[in-house]
Amino acid sequence: MLTQQIINGLMLGAIYMLVAVAFTLAIGVLNFLNFSIPGLFMLGGVATFGFLKMGWPFLLAAAGALFIAALVSLLVERLAYRRMKEGDADVPLVSSLGFLVLLENLVLIRYGSDQQAFPALFPDMNLRVGGLVIGIVQLVSMAISLGLVAWLSWFLRTTNAGRRIRTVAENRETAMLMGINIERLVPQLFVCSALLAALAGLLFAINYQQVTPFMGEGIGFKAVAAMIIGGMGSIWGAVIGGLLIGLAEVLSVSFIGADVVNITVYGLLLVILILRPQGLLGRPPAREKL
Amino acid sequence: MALLEVSAIEVNYGRVTALSGVDLTVNEGEIVTVLGANGAGKSTLLRAILGAVPLKAGGIRFSGADITRAPTHSRIASGLVLVPEGRRILISLSVEENLQLGAHMRTDTTRVKAEIDAIYQRFPNLAERRHMLASCLSGGEQQMLAIGRAMLAKPRLMMLDEPSLGLSPLFVSKLFDLIKELNRDGLSILLVEQNTGKALGVAHQATVLELGRVVMAGDPKALAADPRLQQAYLGEGTPSH
């Protein structure tokens, strides 16, 4: 029973993890708490749902949804981030929140506020190991999520593009003086973080077979909590934070009760922040040294 | 042959004129030094040449091409490279990653690896700490790293902004030896310095800026003997700062 719940928790955690990584890219490199990310998560699920309803095959519907999320993210960059970046850092945060509300309400107009049933796309195959039941679809989703994040971490650590991104994260002006084309790199990062969020939304829809216009909100806030628990700007921190929150949520539902989920999750956040204010893998704020 | 030609450039910061009517030429294989007190516009001149601040007027040619409107990254790709003031080492990257960053636009990875090894041979201190964060280096080592990083960008003209600032006398001598050595290997250098004596000692041409204008230019030996420069920058008579 406990092992089963741990497996379920890790699978939910993998979804939080993807969204947390999307957030951590935006805040770590662009210093931008991008609240359109929960909206892009929702688009990943809802747009796939819409395309499937139009009769598109699954892969095309999924690709279409990711494409739309990337486009919307470029719009957020153009309209919310680029125009405001000279000013107060809180301004793009609020305007990105505006995008979240806009996206939710556009979907609300199209599909209504009710929960829609996302079709079961794959035959319900399970692995039975001992007394455990592991869904193949869940397992594949988790493998995709972890593989993608591991690849991203490798990419940031070892490629020229990764070093460019880390340089922009540390100091934008130095990056410019080193010949890094920031005007091109920033939109690329927005696309990257949109794809992570939308993929998470798609995996959520497939695994839990439901979409609603507001599905991004709860997940989004827990992903922000996961990012903070792990340490802002740290990819592996987001991974650990995401999995921890997934576990805490599932375990508290099954052992304490569904109505204490938020208390457990945000209580965990609080405790970790008291014990380790920079997050589990976060570094204490680095100072510029001459 | 002129490698870099700056003609009559003007740069404003808001209403303040930072540079006005500045001309400067660096010929292939030369060391040119730009001198002047704090706030004379020396760093602004280097930033303008790199395209990091916009020009109000004037033009810049590099290696025969008009680069007045070229973006910074394409100027650097064409071999115009800056070692910025304060070195601007990336402290969240390792020593080696800082070097690799210098080559971030290059695709000839095997050449880059060989050049990084050559830099380690030249600066054994960097080799020892290659996998440590660059923040663990001393000021002098950071300056060597900044120059190494710039060398990996395949410069044809290396611009150095106050490289001796904050270094111990020993490192200052090492630095100027290195500058001479790089120049002997064929690199053209544009050197902004507060250490007037050392800079005039290595330069083939010198230019003195004052409040954003060129007030003296020419042969460094003649300038070194000029009483006006003596008075303003060599500390004989009234120091200017």
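Higher on the page you've got the structure.
All figures in this text were calculated on a predicted structure; none of them were measured in a lab. (Residues numbered from 1 in each chain as written. Chains lettered and ligands numbered in written order. Predicted model: local features only at pLDDT ≥ 70, side-chain atom pairs only at ≥ 80, totals over all residues.)

**Comments concerning the sheet that holds strand β1 (residues 2-13) of chain B**
Residues and elements named next belong to chain B.
So, step 1. Spatially, the four strands line up as an open sheet ordered β2-β1-β4-β5, and their pairing is antiparallel. If you trace the sheet from one side to the other, it starts and ends with β2 (16-27) and β5 (65-66), each paired once.
So, step 2. Where β1 lies against strand β4 (residues 57-62), five bridges are found, and the strand directions are antiparallel. Among the inter-strand pairings, Ser-7 is bridged to a residue of β4, identified as Gly-59. (Pairing = 2+ DSSP bridges. Helix = DSSP H or I, 4+ residues; strand = E, 2+ residues; numbered from the N terminus.)

**Notes on the pairing of β1(B)**
So, step 1. Summarising the sheet, β1(B) and β2(B) pair through eight bridges and their orientation is antiparallel. Residue B:Glu5 lies in a different strand from β2(B), and its bridge partner there is B:Thr25.

**As for the interface of chain B and chain A**
So, step 1. Listed by partner, the interface residues are 20 residues for chain B and 16 residues for chain A.
So, step 2. Elements supplying a minimum of two residues to the side of chain B that touches chain A: α2 (72-77) and α3 (95-102) of chain B.
So, step 3. At four residues, the largest contribution of residues to the side of chain B that touches chain A is made by α2(B).
So, step 4. A breakdown of the residues in the side of chain B that touches chain A according to their chemical character gives 11 nonpolar, seven polar and two charged. (Contact = placed C-beta atoms within 7 Å. Nonpolar A, V, L, I, M, F, W, Y, C, P; charged D, E, K, R; others polar.)

**A few points about helix α10 (residues 235-255) of chain A**
All names here are of chain A.
So, step 1. For α10, with 21 residues, the first-to-last C-alpha span of 30 Å sits near the 30 Å given by 1.5 Å per residue.
So, step 2. Counting buried positions along α10 yields 15 of 21 residues, so the element is predominantly enclosed.
So, step 3. Residue Gly-257 follows α10 closely and has a positive phi angle near 140°. (Expected span 1.5 Å × (residues − 1). Buried ≥ 20, exposed ≤ 12 C-beta atoms within 10 Å, placed from the backbone.)

**Side note on the environment of A:Gly112**
All names here are of chain A.
So, step 1. As for its placement among the helices and strands, Gly-112 is situated in the loop between α4 (90-111) and β1 (116-117).
So, step 2. Classification of Gly-112 by C-beta neighbours within 10 Å gives exposed; the count is 11.
So, step 3. The spatial distance from the C-alpha of Gly-112 to the C-alpha of Pro-213 is 8.0 Å, given a sequence separation of 101 residues.

**A short note on helix α6 (residues 139-151) of chain B**
Residues and elements named next belong to chain B.
So, step 1. For α6, spanning 13 residues, the distance from its first C-alpha to its last is 18 Å, which sits close to the expected 18 Å at 1.5 Å a residue.
So, step 2. Taken together, the buried positions of α6 are occupied by Glu-141, Gln-142, Gln-143, Met-144, Leu-145, Ala-146, Ile-147, Gly-148, Arg-149, Ala-150 and Met-151.
So, step 3. The inward-facing, buried residues of α6 contact β6 (80-83), α3, α4 (109-122), α5 (124-128), β7 (157-161) and α7 (169-184).

**Some words on the sheet that holds β6(B)**
Residues and elements named next belong to chain B.
So, step 1. The sheet built from six strands is open, its strands ordered β6-β7-β8-β3-β9-β10 with mixed pairing. Strand pairing shows two members of the sheet lacking a second neighbour, β6 and β10 (213-218), which therefore form its edges. With direction set aside, neighbouring strand axes in the sheet form an average angle of 20°.
So, step 2. Pairing between strand β3 (residues 31-35) and strand β8 (residues 188-193): five bridges, direction parallel. In the strand pairing of β8, Ile-31 is matched with Ile-189. (Axes fitted to C-alpha atoms, helices over the stretch in contact; angles between N-to-C directions.)

**What to know about the nonpolar core**
Residues and elements named next belong to chain A.
So, step 1. Within the largest apolar cluster, 155 residues are counted, with the highest numbers of intra-cluster contacts made by Ile-15, Met-17, Val-19, Leu-43, Ala-69, Ala-197 and Ala-198.
So, step 2. Of the residues forming this core, the biggest block, 16 residues, is contributed by helix α1 (residues 2-30).
So, step 3. Look past the residues within four positions of Leu-43 in its chain and what remains in contact with it is Ala-65, Ile-68, Ala-69, Val-72, Leu-103, Ala-198 and Gly-201. (Core = buried A, V, L, I, M, F, W, Y, C linked by C-beta atoms within 7 Å.)

**Some thoughts on the packing of helix α6 (residues 160-170) of chain A against helix α8 (residues 182-208) of chain A**
Residues and elements named next belong to chain A.
So, step 1. In the contact formed by α6 and α8, the axes pass within 11 Å of each other and the chain directions differ by 100°. Looking at the two axes, α6 sits roughly perpendicular to α8. Residues Arg-164, Ile-165 and Val-168 of α6 touch α8, and the partners they reach there are Ile-182, Leu-185 and Leu-189.
So, step 2. Looking at the contact of α6 with α8 residue by residue, the class counts come to five nonpolar, no polar and one charged. (Parallel < 35°, antiparallel > 145°, perpendicular 65-115°, else oblique.)

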